[in-house]
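If you want the building blocks of each chain, they are given just below.
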Amino acid sequence: MIIGCLISGRGSNLEAILRAIERGTLTASVRIVISNRPDVPGLHHATSRAIETAVVRPADYADREDYDRALAQRLRTAGVDTVVLAGFDRIVTSALLHQFPNRVVNIHPALLPAFPGLHAQRQALQHGARITGVTVHLVDEQVDHGPILGQIAVAVREDDTEATLAARILEEEHRLFPAVLQRMADGRLHIDGRRVQGGLP
Ligand code: GRF
């Protein structure tokens, strides 16, 4: 499986994926890492391993579709077959999705369909949820909506702040993302509408 990673910031999920590959628990390679923002820390996880990086700036494109066509072009040129959104803070359109049908994957720090969108950990706390977690899902045209490939639950503690909850969820993100990608690499995921055979747990 040849992965192209899209990031916007810290890149800890990218790092977890790269470490899983290095450990041999994920049989894939990351061929290119693209950020929509310049100089983000996540890019260093790629450059330090001599993985190709690119910054593709939305301001250089007329609209979302135009931008996504440019992304798809870069990913295709790099030989990517699977696109991993690892903290990519943009909505992607069909201009990208049609180029990689059922091969664009996202991670979200809540148990979807609960708490989609921004600040999912804050939403869970404010709602008084006792259980939240992490979801890895296929991307479709709606935000945080596509078929669910894997989930892990995380209990909310009464003394949790947004930061402590986010940190515990992040640990599970780093476990779940490489594990789900390995299932994809093995061809064990079968998509039937919204339902997925072979996902996690
Ligand atoms: C993660 O919490 C992820 O679930 C969300 O954005 C955050 C990205 O973190 N989509 P990082 O850049 O991978 O460290």
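Sequence order sets the numbering: in each chain, residues are counted from 1 along the sequence as written. Selection of residues for local features in this predicted model requires a pLDDT of at least 70, selection of side-chain atom pairs for listing and counting requires 80 or more, and totals for whole chains, interfaces and linings are taken over all residues. Only heavy atoms go into the side-chain values, all of them from the structure, while hydrogens and water stay out.

## Considering the nonpolar core
And step 1. Buried Ala, Val, Leu, Ile, Met, Phe, Trp, Tyr and Cys residues that are joined via side-chain atoms within 4.5 Å together make up what is termed a nonpolar core. Note on classification: 1.4 Å probe, protein chains only; a residue is buried when its accessible area is under 20% of the maximum for its type, exposed when over 50%, partly exposed between these limits. Counting 35 residues, the largest nonpolar core has Val 33, Phe 177 and Leu 181 as the members making the most contacts within it.
And step 2. Every helix listed is a DSSP run of H or I at least four residues long, and every strand listed is a run of E at least two residues long, numbered separately from the N terminus. If you list the elements that add at least two residues to this core, you get strand 1 (2-7), helix 1 (12-23), strand 2 (29-35), helix 2 (42-47), strand 5 (104-108), strand 6 (131-138), strand 7 (148-155) and helix 6 (162-185).
And step 3. With seven residues, helix 6 is the single largest residue contributor to this core.
And step 4. Among the domains, domain 1 (1-101) and domain 2 (106-201) are the pair contributing at least three residues each to this core.
And step 5. Those residues in contact with Val 33, other than ones at most four positions away along the chain, are Cys 5, Ile 7, Leu 14, Leu 43, Ala 46, Ile 51, Glu 52, Thr 53 and Ala 54.
And step 6. Core analysis: the next-biggest nonpolar cluster, separate from the first, contains 20 residues, Val 56, Val 80, Leu 97 and Val 139 among them. Source of the domain bounds: an automatic or database domain assignment. Here a residue-residue contact requires only that any non-hydrogen atoms of the pair lie within 4.5 Å.

## Looking at the sheet that holds strand 3 (residues 52-55)
And step 1. Taking strand neighbours across the sheet as the criterion, the seven strands line up as 3-2-1-4-5-6-7 in an open arrangement whose pairing is mixed. In this open sheet, the two strands that pair with only one neighbour each are strand 3 and strand 7. Strand-to-strand, the axes of this sheet are offset by a mean angle of 20°, without reference to chain direction.
And step 2. The sheet contact formed by strand 4 (residues 82-85) and strand 5 spans three bridges and is parallel. Note on strand 5: the bridge partner recorded for Val 83 is Val 104.
And step 3. In the packing of helix 1 onto the sheet, the strands contacted are strand 1, strand 2, strand 4 and strand 5, and the crossing angle to strand 2 comes to about 165°. Strands are labelled as partners when DSSP assigns at least two bridges between them. Here, axes are lines fitted to C-alpha atoms. For helices the fit covers the stretch in contact, and angles between N-to-C directions go from 0 to 180 degrees.

## Focus on the domain arrangement of the chain
And step 1. Each domain of the chain was delimited in the assignment, giving domain 1 (1-101) and domain 2 (106-201).
And step 2. Taken over C-alpha atoms, the centre of domain 1 sits 19 Å from the centre of domain 2.
And step 3. In this complex, domain 1 contributes 20 residues to the contact, which on the side of domain 2 involves 15 residues.
And step 4. Here the quantity called buried area is the total loss of accessible area, with a 1.4 Å probe, experienced by two parts when brought into contact, counted for both. Buried surface at the junction of domain 1 and domain 2, both sides included, amounts to about 1,400 Å², of which 67% is carbon and sulfur.
And step 5. The definition of a polar contact used here is a pair of N or O atoms within 3.5 Å, where within protein one atom must be able to donate a hydrogen and the other to accept one, and adjacent residues in sequence count solely through side-chain atom pairs. Between the two partners, domain 1 and domain 2, sit three residue pairs in polar contact (both at pLDDT 80 or more).
And step 6. The set of elements that each furnish at least two residues to the side of domain 1 that touches domain 2 consists of helix 1, strand 4 and helix 4 (94-97).
And step 7. When residues in the side of domain 1 that touches domain 2 are grouped by element, the largest group, five residues, is from helix 1.
And step 8. We call Asp, Glu, Lys and Arg charged. Ala, Val, Leu, Ile, Met, Phe, Trp, Tyr, Cys and Pro are nonpolar, and the rest, Gly among them, are polar. Among the residues making up the side of domain 1 that touches domain 2, the classes are represented as 12 nonpolar, seven polar and one charged.

## Examining the pairing of strand 1
And step 1. In terms of residue burial, strand 1 counts as a mostly covered element, since six of its six residues are buried.
And step 2. Alternating residues of strand 1 divide into Ile 2, Gly 4 and Leu 6 and Ile 3, Cys 5 and Ile 7, and every residue in both groups is buried.
And step 3. Looking at chain direction, strand 1 and strand 2 are connected through six bridges and run parallel. Opposite Leu 6, over in strand 2, you have Ile 34 as the bridge partner.
And step 4. For the crossover from strand 1 across helix 1 to strand 2, the handedness is right-handed.
And step 5. As defined by bridge partners, strand 1 adjoins strand 4 across four bridges and the pair is classed as parallel. Each residue of the ladder has a partner; that of Leu 6, found in strand 4, is Leu 85. Orient the strands so they point away from the viewer; a crossover is then right-handed if the path from the first strand over the helix to the second runs clockwise.

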